[in-house]
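Commentary on secondary and tertiary structure
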Amino acid sequence: MTRRLPRCSLLRCTLASVALALAVLPAPLNAQSESCTSCHGDRGMMASLAGDSAKGAALAVDLAQFTASVHGKMGFSCTTCHQGMTDYPHTKVTAVDCGGCHGDVAKQIAGSVHGRVNAMAGRAPATCADCHGSHYILPPGDPQSKVYRLTQFKACATCHSDSTRMAPFGHANLTAVSTYLESVHGKALLEKGLSVAPVCTDCHGAAGTGAHDIQPLRSPQSPMNRAHVVATCGTCHQGIVNQYAAGIHGKMYAEGNADVPTCVDCHAEHAVQPVTSPLSSVYPTHIVGTCSKCHERQSLNARYGLPSARRDTYLGSFHGIALTQGQLTVANCASCHGAHEILPSSDTASSISPKHLEQTCGSCHPGIGAGVTQGKIHVASVRADINGFAWGVQWFYYLLIAGIIAFAASMIALDQYRHRVVDPRRRGDGHG
C-alpha cells in the first residue's frame, strides 16, 4: 500500500525544487550585456579607441535602447550574436551571422541584388544592418522601426540617394526615392497617411518573399521586369489593367510583343503623377508627346502598317491648334482613342470605329450628326480623288484668303499712292 505524504510536505518539496532550479540557472542574460556596456556604453571611450567618432558611435551601445529592441526583449545577450568574443581586449572580431536564426531570410537575401557579390565592387551591396539597424532593431510594425511602412523609404534612401554608396556598384540614378516622394504614390503615403499606398518593397520585392528577395529589373523574377510589370501595377489598379488587357496594347503584350507600351512607358516608374497634374506624362499638354514616342517611330509604323505623321497631323488640326494655344479641354489622343482600352478603327468595338464615331465626337459636340464620320482628324493633305468636296472647300478658302490679303494689300498701296504722289501734285498746282 502506497503511503501518501501530508499536504504540507508536498508544498515543501515543490518549493525546494523551485529553489534548486533557480540556483542552477545562469545569471540573467542582461548581466553580461551590462558587463559589455561598461565599455561599449561609453561613446567617448569607443571613439577614442576607434580613432573616429563615427566608428565609435557604431561600437557604442545604449543598454536601455537595446533592452527595448526586439532582441533585447527576447533576452539576447551580446554573445548571442557576437559569438566567440570572450577575450578582452578583443583580438578577433567575428562577423554577425543573422542567418543563424533567420535562415530562410538569409537564403532570400543571398540570392537577391543586395546579397549577391557585385562584380564591379567585389562585395555585396547591403547587409541586414543597413536596412534594419544593428543593436536597436524593432519589429516592422513599430513606428520607430527603420523599415516601418510609412517611413521605409528613408532606409532605401540611405543608399539609393547617396552617390558615394552607389558609385562602386555602377548606379548613377539617384532620383528614385526623391521622385517617388513627389509622386501620387509618395504623397498618398506621406501627406494623406494612406498605408495602402505602394512602398518600395511592394513593387520591387518578389512575390511571396517581399523585401528580402529584390531582383534587378532585367531578372525574370523581378516584379518590375517587363513580363510582370502590368501584373504588379494590377495589384492595386486591377480595373485599369482589365481595360488595358482588352485593348490592342494589352492583347499584344499578352502575346509577348516587346514593342507595345506597358504602364511605366506611359506613366513613368517612380515619378507617377495624377492625370490632373501638369507634371503628368499624360496631362493634356504632354499626352501627344507621350503617344508620339511610339507612333512617330517610322520603324514601328512600317512594321505594323500604321500611318505616319500622327503628331503633326493632329497638331495641324483644329484640336491640335487649340491645345497648343492653351485650351486644355479640347480633344487629345485619349479623348478619341481611349486611355487604356485602345482599339484600332477596324475593330467595331473601337471608339473611333465608324459605328461609334458619332457617339465619341458627340461627347464634346452634342448633336453633331452622322456626317462627322466623313471627316478625318489626321489629314496631311486633302486629295481630290479621295474627298473631292473637302478638296474643293479647302481650295475655296485658300483662294478666298489669298484674295482678301491681295485686296487689303492693294487698298493700302492705293492709299499710300494717294498720300505720296497725288496729294503733293495737287498742292503744287495750287489746288491745295
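Our subject is the structure listed above.
Described in the following lines is the structure provided in the data block. (Residues numbered from 1 in each chain as written. Predicted model: local features only at pLDDT ≥ 70, side-chain atom pairs only at ≥ 80, totals over all residues. Heavy atoms only, no water.)

As for the overall build of the protein chain
In terms of regular secondary structure, the protein chain is built from 25 helices and 2 strands. Burial statistics for the protein chain: of 432 residues in total, 24% are counted as buried. Nonlocal contacts in the protein chain, meaning residues at least 24 apart in sequence, comprise 46% of its contacts between residues at least 6 apart. Carbon and sulfur atoms form 61% of the exposed surface of the protein chain, whose accessible area is close to 28100 Å². (Helix = DSSP H or I, 4+ residues; strand = E, 2+ residues; numbered from the N terminus. Buried < 20%, exposed > 50% of the residue type's maximum accessible area, 1.4 Å probe, protein only. Contact = heavy atoms within 4.5 Å. Areas by Shrake-Rupley, 256 points an atom, 1.4 Å probe, with all protein chains shown as cover.)

So, helix α3 (residues 43-50)
Looking at where α3 begins, the residue whose side-chain oxygen comes 3.0 Å from the main-chain nitrogen of G44 is D42. Immediately beyond the C-terminal end of α3, within one or two residues, lies G51, with a positive phi of roughly 75°. (Polar contact = N/O pair within 3.5 Å; in protein donor to acceptor, adjacent residues only side chain to side chain.)

A few points about the side chain of N257
With respect to the helices and strands, N257 occurs in the loop between α17 (248-254) and α18 (263-267). Residue class for N257 comes out buried when judged on its relative accessible area of 16%. Not counting the four nearest positions on each side in its chain, N257 is found in contact with R226, M252 and Y304.

Description of a nonpolar patch on the surface
Among the surface-exposed residues, F389, V393, F396, Y397, L400, I401, I404 and I405 lie close enough to one another that they form a single nonpolar patch of about 830 Å² accessible area. Following the sequence through the fold, F396 ends up in helix α25 (residues 388-428). (Patch = residues over 30% accessible without salt bridge, like charges linked within 9 Å, V, L, I, M, F, W, Y side chains within 5 Å. Salt bridge = Lys/Arg side-chain N within 4 Å of Asp/Glu carboxyl O.)

Let's talk about the pattern of salt bridges
For the coordinates displayed, the defined rule picks out 6 salt bridges. The partner of D259 in a salt bridge is R303, and the shortest N-O contact between them spans 2.5 Å. Here the residue D259 occupies a position in the loop between α17 and α18, and R303 occupies one in helix α20 (residues 298-304), the gap between them amounting to 44 residues. Between R418 and D415 there is a salt bridge, with the nearest N and O atoms lying 3.6 Å from each other. Highlighted residues: R418 and D415, both in helix α25, separated by 3 residues, approximately one helical turn. Residue classification places R418 among the partly exposed positions, given a relative accessible area of 40%.

Structural notes on the environment of C361
Within the secondary structure, C361 sits in helix α24 (residues 357-362). Each C-alpha atom of the pair C361 and C336 lies 7.6 Å from the other, and the pair is 25 residues apart in sequence. Not counting the four nearest positions on each side in its chain, C361 is found in contact with I368 and V372.

Concerning the nonpolar core
Listed in full, the 10 residues of the largest apolar core are M224, V229, V230, V241, Y244, M252, Y253, V260, C263 and V264. Elements with a minimum of two residues in this core: α15 (229-234), α16 (238-246), α17 and α18. Each residue touching V229, except ones within four places of it in the same chain, is listed here: P223, M224, Y253, T262 and V264. Among the nonpolar cores identified, the runner-up in size contains 7 residues, and I287, A322, L323 and V330 belong to it. (Core = buried A, V, L, I, M, F, W, Y, C linked by side-chain atoms within 4.5 Å.)

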